[in-house]
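Letter by letter, the chains look like this.
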Amino acid sequence: MAISHYIKEIGRGARGARALDHAQAADLFGQLLDGRASDLQVGAFCVAMRVKGETAQEMCGFLDAAQARIARVPAAGGGLPLIVLPSYNGARRLPVLTPLLALLLAREGLPVLLHGMRTEERRVLAADVLEALGTPALAAIDNVAPGTVAHVPTAALHPGLARLLAVRQEIGLRTPAHSVVKLLAPCDGPALVVSSYTHAEYFELSSAVAQQRAMHLLLSRGLEGEVVADPRRQPRYDGFVAGRHRLLAEQQPGTAATVPGLPEAIDVASTARYTRAVVAGELPVPPAIAEQVRHIARLAHDISQETTA
């Protein structure tokens, strides 16, 4: 039977579907991660949840199951939180600048972990740009020292999680695993997850999950689904320290007409050249990304103060 009784509950359509409680969601997602469901059941689960939508209780259960199984980075030490950058969308119209955000955060002395994988064809991935910049993917989880960037493919965190994400290429729809990886904290010590949202309902969902799980989280509108800020705009920032919410900045009106040096091309080589030039000081850091770095560094300091208090 595996997960068929859960599919029967969540798969009754937008009006007839019933939400799972925390324990049921954790059991269901754990079975999926452990490979105890058939490909047909996995597909049915993903489509059913896409129609129904995840509740905060379900997301908390899914995250519990994932956190219990994933490989974890050792604590950074000294109370410093690991800065976690999930990267699963890549570039479609603008260069993917998540590697630039990662390198700027490392320059602030923070340990930075980027995790991700390809879930859609014909997109330039942050991992590809980091490779071009001389930061190869780790084959397995390892320490991340302060002031450095590491990146790992999702399969190194957990193969079952990568399997669920790969379903997107088969059915053409995002799955609950995409919501999970945006809130995952693969660390044995404190971690500040930098996450993003596109639609207002995902902001509400992420906020509720952060509060219920007492997470450290920075939440804002990202760039084409990536967590890095759009270099042309100043978005709203919401921070959570141990689940306690604070509004860090309101969205600022207006869009910059140009970003100095930002290439029109989105290929790996062009993006890597731009990133390298900004980090070297040959081009200015886009103000929107500089502001994001300041918010993350400030939250990291507050987390460190709380952890060592």
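Quick caveat: nothing in here was measured; it's all calculated off a predicted structure. (Residues numbered from 1 in each chain as written. Predicted model: local features only at pLDDT ≥ 70, side-chain atom pairs only at ≥ 80, totals over all residues. Heavy atoms only, no water.)

Q: Is there a simple way to think about the overall build of the protein chain in this case?
A: Along the protein chain, the regular secondary structure elements total 13 helices and seven strands. Taken over C-alpha atoms, the radius of gyration comes to 19 Å for the protein chain, in line with the 19 Å a tight globule of 309 residues would show. Dimensions of the protein chain, computed from the C-alpha atoms along their principal axes, are close to 60 × 45 × 40 Å. Split into buried and exposed, the 309 residues of the protein chain put 53% on the buried side. Of all intrachain contacts in the protein chain linking residues separated by at least 6 positions in sequence, the fraction that spans at least 24 positions is 73%. When the accessible area of the protein chain is evaluated, it comes to approximately 12800 Å², of which 51% is carbon and sulfur surface. Measuring between centres, the 30 positive side-chain charges of the protein chain sit 4 Å from its 29 negative side-chain charges. (Helix = DSSP H or I, 4+ residues; strand = E, 2+ residues; numbered from the N terminus. Rg over C-alpha atoms; globule rule 2.2 N^0.38 Å. Buried < 20%, exposed > 50% of the residue type's maximum accessible area, 1.4 Å probe, protein only. Contact = heavy atoms within 4.5 Å. Areas by Shrake-Rupley, 256 points an atom, 1.4 Å probe, with all protein chains shown as cover. Lys, Arg positive; Asp, Glu negative; His and termini not counted. Charge placed at Lys NZ, Arg CZ, Asp CG, Glu CD.)

Q: Would you mind showing me how to read the side chain of Thr 271 here?
A: By the element assignment, Thr 271 lies in helix 12 (residues 268-279). Take Thr 271: its relative accessible area is 0%, and that puts it in the buried class. The contacts of Thr 271, once residues within four sequence positions are left out, are Pro 95, Val 96, Val 129 and Ile 266.

Q: I keep staring at the packing of aromatic side chains and nothing clicks. Help me out?
A: Given two aromatic rings, one states the distance between the centres and the angle between the planes to describe the pair. Applying the stated criterion across every chain yields a total of three aromatic pairs. Aromatic pair Phe 45 and Phe 62: ring centres 6.1 Å apart, planes at 80°, arrangement edge-to-face. A residue pair is termed long-range when its members are at least 10 positions apart, and Phe 45 in helix 4 (residues 39-52) and Phe 62 in helix 5 (residues 56-69) qualify at 17 residues. Each member of the pair, Phe 45 as well as Phe 62, is classed as buried. Through successive ring pairs, a cluster of aromatic residues spans Phe 29, Phe 45 and Phe 62. (Phe/Tyr/Trp six-rings, centres within 6.5 Å; stacked < 30°, edge-to-face > 60°.)

Q: Would you mind showing me how to read the packing of helix 3 (residues 22-33) against helix 5 here?
A: Helix-helix packing: each pair is described by the crossing angle between the helix axes and the interaxial distance. One way to put it is that helix 3 packs onto helix 5 with a least axis distance of 7 Å and a crossing angle of 45°. In terms of orientation, helix 3 and helix 5 fall into the oblique class. As for how helix 3 packs across helix 5, the hand of that crossing is right-handed. Contacts from His 22, Ala 25, Ala 26, Phe 29, Gly 30 and Leu 33 of helix 3 reach helix 5 at Gln 57, Glu 58, Cys 60, Gly 61, Phe 62, Asp 64, Ala 65, Ala 66 and Arg 69. The class makeup of the residues in the contact of helix 3 with helix 5 is eight nonpolar, four polar and three charged. (Axes fitted to C-alpha atoms, helices over the stretch in contact; angles between N-to-C directions. Parallel < 35°, antiparallel > 145°, perpendicular 65-115°, else oblique. Left-handed = near helix turned anticlockwise from the far one by under 90°. Nonpolar A, V, L, I, M, F, W, Y, C, P; charged D, E, K, R; others polar.)

Q: Can you help me understand the sheet that holds strand 7 (residues 244-249) in this one?
A: In a beta sheet, neighbouring strands pair by backbone hydrogen bonds and run either parallel or antiparallel. In spatial order, the strands read 3-2-1-4-5-6-7; together these seven strands make up an open sheet with mixed pairing. Edge positions in the sheet fall to strand 3 (149-153) and strand 7, since each of these pairs with one other strand and no more. Strand after strand, the sheet turns through a mean of 25° between neighbouring axes, direction not considered. Two elements, strand 5 (residues 217-221) and strand 6 (residues 237-241), share four bridges in a ladder whose sense is antiparallel. By the bridge assignment for strand 6, Leu 219 is matched with Asp 238. Sitting on the sheet, helix 6 (residues 98-107) is in contact with strand 1 (82-87), strand 2 (112-116) and strand 3, with an inclination near 175° to strand 1. Here helix 11 (residues 200-212) sits on the sheet in contact with strand 4 (191-197), strand 5, strand 6 and strand 7, set at roughly 175° to strand 5. (Pairing = 2+ DSSP bridges.)

By themselves, these observations are geometric and do not establish any function.
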